Amino acid sequence: MPIALFALTLSAFAIGTTEFVIVGLVPTIALDLGVSLPSAGLLVSLYALGVAVGAPVLTALTGRWNRKLVLLSLMALFILGNVLAWMAPNYGSLITARILTGLAHGVFFSIGSTIATSLVAKDKEASAIAIMFTGLTVALVTGVPLGTFIGQTYGWRATFLIVAALGAIALVGSALLVPKNLKQSVPASLREQLQVLTHPRLLLVYAMTAIGYGGTFTAFTYLTPILEDVTGFASGMVSLLLLVYGVSVATGNIWGGKLADRLGPTSALYIIFGGLAAIMFALTFSAHYPIAAVITLLVWGAFAFGNVPGLQVYVVQLAERYTPHSVDVASGLNIAAFNIGIAGGAWLGGHIVEDMGLMSTPWIGGLIVLSALMLTRISASLDNRSPVPA
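Note that the structure is predicted; figures quoted are calculated from it, not measured.

Visitor: Could you give an account of the overall build of the protein chain, naming the residues involved and the relevant values?
Guide: The number of helices and strands found in the protein chain is 15 helices and zero strands. For 390 residues, the compact-globule formula gives about 21 Å, and the C-alpha radius of gyration of the protein chain, at 20 Å, lands near that figure. Taken over 390 residues, the protein chain has a buried fraction of 56%. A fraction of 84% describes how many contacts in the protein chain between residues 6 or more apart in sequence connect residues 24 or more apart. For the protein chain, the accessible area works out to roughly 15400 Å², and carbon and sulfur atoms hold 70% of it.

Pasting the structure below:
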């Protein structure tokens, strides 16, 4: 594999860290800026909305630009957003910084796969994409807990400064290693993307993605205060638990992909959504007991992101059948749906914390995940009437 791929992987690692590390810093930011937990949690929502807007809209607007130029511009924007977060004197300026960084995130993952595949031979394209996306998994396993530890020890601003430095290294690596003349596909117009958005079968999968992840992030956004205030763990122990959670997530991703390959996307999603809802209901009770809480956290990690492969494969299968000229756009919009779910879940979780208390977030999140399971059953029944070719 060409070394340029590792510049993309480092970019994905930095971007993944800055997206999810905020979960571990919510209490710290709330205390430092004098805002409520729900207001600090809103930073998760606003970032995700930036991703959801950036992925389809900015990808189309930059479709005719040189791919390397777009990549370098995105990393520059990413660095700027994190530097602004480091310097943010107040809550409003931190919101601006998070939205800017989210815009860069959305476009990066829209074009990153195209760049990765252009660097290798046809028979190694899937492996190239997998290497790039390893950055996201590693971010969950190591970047998030380490970033949380740094933020809790040296102040939350230090975390964003270090992430900006990682982005600068990735920018230099991409400038030196990624070739200038990358192959460029015909750019997708906004009109084509809107056509993909109007097909009812694809809309159903987007809803499954958004609602499934919305349920997860209703509780996950407030995981750190749950572990500190309800379970009673010290902040240093929470950083370690987030590391353990990240390892579980990485394992769950692999397991979810194998399950989707073996059983088919919808059958795998039945198991994963069902298990995810059950474990979130269990957390409502287990969070009060340290050992039970740790066990629940391990199982939650295994299910939390295990549905990513199934959802992505499923949307591609449906797009190949119903909108064959816009498969990449459909896949990108599913990433946008994922982030809409994150934004909605974090926003709803904030209102639940404010009105009902922290420990209402897990069971309400579980009910939302059950809604995604019901949508999956509806979609599968439609497939049975008119089977989707694998």
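Visitor: For helix H1 (residues 4-33), give the residues involved together with the corresponding values.
Guide: Roughly 65° is the biggest bend found in H1, and it falls at leucine 25, with proline proline 27 one to four residues downstream. Counting buried residues along H1, 25 of its 30 residues qualify, which places the element largely inside the surrounding structure.

Visitor: Tell me about the packing of aromatic side chains, residues and numbers included.
Guide: Following the criterion strictly, the structure yields eight aromatic pairs and no others. Ring centres of tryptophan 156 and phenylalanine 160 lie 6.0 Å apart, and the angle between their planes is 80°; this geometry places the pair in the edge-to-face category. Of this pair, tryptophan 156 and phenylalanine 160 both sit in helix H6 (residues 156-177), separated by four residues, roughly a single helical turn. Residue tryptophan 156 shares its accessibility class with phenylalanine 160, and that shared class is buried. Taking the centre distance of 5.4 Å and the plane angle of 75° together, the rings of tryptophan 255 and phenylalanine 303 count as edge-to-face. Of this pair, tryptophan 255 sits in helix H10 (residues 235-263) while phenylalanine 303 sits in helix H12 (residues 290-304), and the two are 48 residues apart along the sequence. With relative accessibility at 31%, the residue tryptophan 255 sits in the partly exposed group. Residue phenylalanine 303 is classed as buried on the basis of its relative accessible area, which comes to 17%. Chaining the aromatic ring pairs together yields one cluster made of Phe20, Phe217, Phe220, Tyr245 and Trp300. Sitting over the face of the ring of tyrosine 270, arginine 377 holds its NZ or CZ atom 4.5 Å from the ring centroid.

Visitor: Provide a residue-level description of the nonpolar core, including the pertinent values.
Guide: By size, the foremost hydrophobic cluster in this structure holds 79 residues, and its most contacted members are Trp300 and Phe305. In terms of residue count, helix H8 (residues 200-220) provides more of this core than any other element does, 10 residues in total. Beyond its immediate stretch of four places on either side in the chain, phenylalanine 305 contacts Phe20, Tyr213, Phe217, Tyr245, Val249, Asn253 and Phe338. Among the nonpolar cores identified, the runner-up in size contains 28 residues, and Leu5, Ala12, Leu74 and Ala170 belong to it.

Visitor: I'd like a rundown of the side chain of serine 248, residues and numbers included.
Guide: With respect to the helices and strands, serine 248 occurs in helix H10. Of note is the side chain of serine 248, whose polar atom sits 2.4 Å from the backbone oxygen of leucine 298. For serine 248, the contacting residues outside a window of four places in its chain are Leu298, Gly301 and Ala302.

Visitor: I'd love a proper account of the pattern of salt bridges, names of residues and values included.
Guide: Taken as a whole and assessed by the stated rule, the structure comprises two salt bridges. Aspartate 32 serves as the salt-bridge partner of arginine 157, at 3.1 Å between the closest nitrogen and oxygen. With a gap of 125 residues between them, arginine 157 in helix H6 and aspartate 32 in helix H1 connect regions that are remote in the sequence. Its salt-bridge partner being arginine 201, residue aspartate 383 comes within 2.7 Å of it at the nearest N-O pair. With aspartate 383 in helix H15 (residues 361-385) and arginine 201 in helix H8, this residue pair connects regions lying 182 residues apart in the sequence. As far as the burial class goes, aspartate 383 and arginine 201 line up, both buried.

Visitor: Can you explain a nonpolar patch on the surface? Please cite residues and give values.
Guide: A cluster of nonpolar residues, Met237, Leu240, Leu243, Val244, Val247, Ile291, Ile295, Leu298 and Val299, forms a patch on the protein surface that exposes about 720 Å² of accessible area. Put simply, the parts of the chain that give the nonpolar patch at least two residues each are H10 and H12. The dominant element in the nonpolar patch, judged by the number of residues it contributes, is H10, at five residues. Residue placement: valine 244 occurs in helix H10.

Visitor: Which residues make up helix H4 (residues 91-118), and what values do they have?
Guide: Its 28 residues place the ends of H4 41 Å apart at the C-alpha level, agreeing with the 40 Å of an ideal helix rising 1.5 Å per residue. The largest bend in H4 is about 35°, located at isoleucine 111. Where H4 starts, the residue carrying a side-chain oxygen 3.3 Å from the main-chain nitrogen of glycine 92 turns out to be asparagine 90.

Visitor: Talk me through the environment of leucine 119; I want residue IDs and the actual numbers.
Guide: Mapped onto the elements of the fold, leucine 119 is located in the loop between H4 and helix H5 (125-154). The class for leucine 119 is buried, based on a relative accessible area of 17%. Spatially, the C-alpha atoms of leucine 119 and proline 2 are 7.0 Å apart, while their sequence positions differ by 117 residues. When residues no more than four places from it in sequence are discounted, the contact partners of leucine 119 are Pro2, Ala4, Leu5, Leu8, Pro179 and Leu182.

Visitor: Lay out the packing of H10 against helix H13 (residues 308-322) with the relevant residues and their values.
Guide: Running from amino to carboxyl end, H10 crosses H13 at an angle of 40°, the nearest separation of the two axes being 7 Å. Classified by the interaxial angle, the pair formed by H10 and H13 is oblique. Within the contact between the two elements, H10 uses Asn253, Gly256, Gly257 and Ala260 and H13 uses Val308, Pro309 and Gly310. Taken together, the residues of the contact of H10 with H13 sort by class into three nonpolar, four polar and no charged.

Thresholds, definitions, all that
- Residues numbered from 1 in each chain as written.
- Predicted model: local features only at pLDDT ≥ 70, side-chain atom pairs only at ≥ 80, totals over all residues.
- Heavy atoms only, no water.
- Helix = DSSP H or I, 4+ residues; strand = E, 2+ residues; numbered from the N terminus.
- Rg over C-alpha atoms; globule rule 2.2 N^0.38 Å.
- Buried < 20%, exposed > 50% of the residue type's maximum accessible area, 1.4 Å probe, protein only.
- Contact = heavy atoms within 4.5 Å.
- Areas by Shrake-Rupley, 256 points an atom, 1.4 Å probe, with all protein chains shown as cover.
- Bend = angle between axes of the 7 residues up to and from the residue.
- Phe/Tyr/Trp six-rings, centres within 6.5 Å; stacked < 30°, edge-to-face > 60°.
- Lys NZ or Arg CZ within 6 Å of the ring centre and 35° of its normal.
- Core = buried A, V, L, I, M, F, W, Y, C linked by side-chain atoms within 4.5 Å.
- Polar contact = N/O pair within 3.5 Å; in protein donor to acceptor, adjacent residues only side chain to side chain.
- Salt bridge = Lys/Arg side-chain N within 4 Å of Asp/Glu carboxyl O.
- Patch = residues over 30% accessible without salt bridge, like charges linked within 9 Å, V, L, I, M, F, W, Y side chains within 5 Å.
- Expected span 1.5 Å × (residues − 1).
- Axes fitted to C-alpha atoms, helices over the stretch in contact; angles between N-to-C directions.
- Parallel < 35°, antiparallel > 145°, perpendicular 65-115°, else oblique.
- Nonpolar A, V, L, I, M, F, W, Y, C, P; charged D, E, K, R; others polar.

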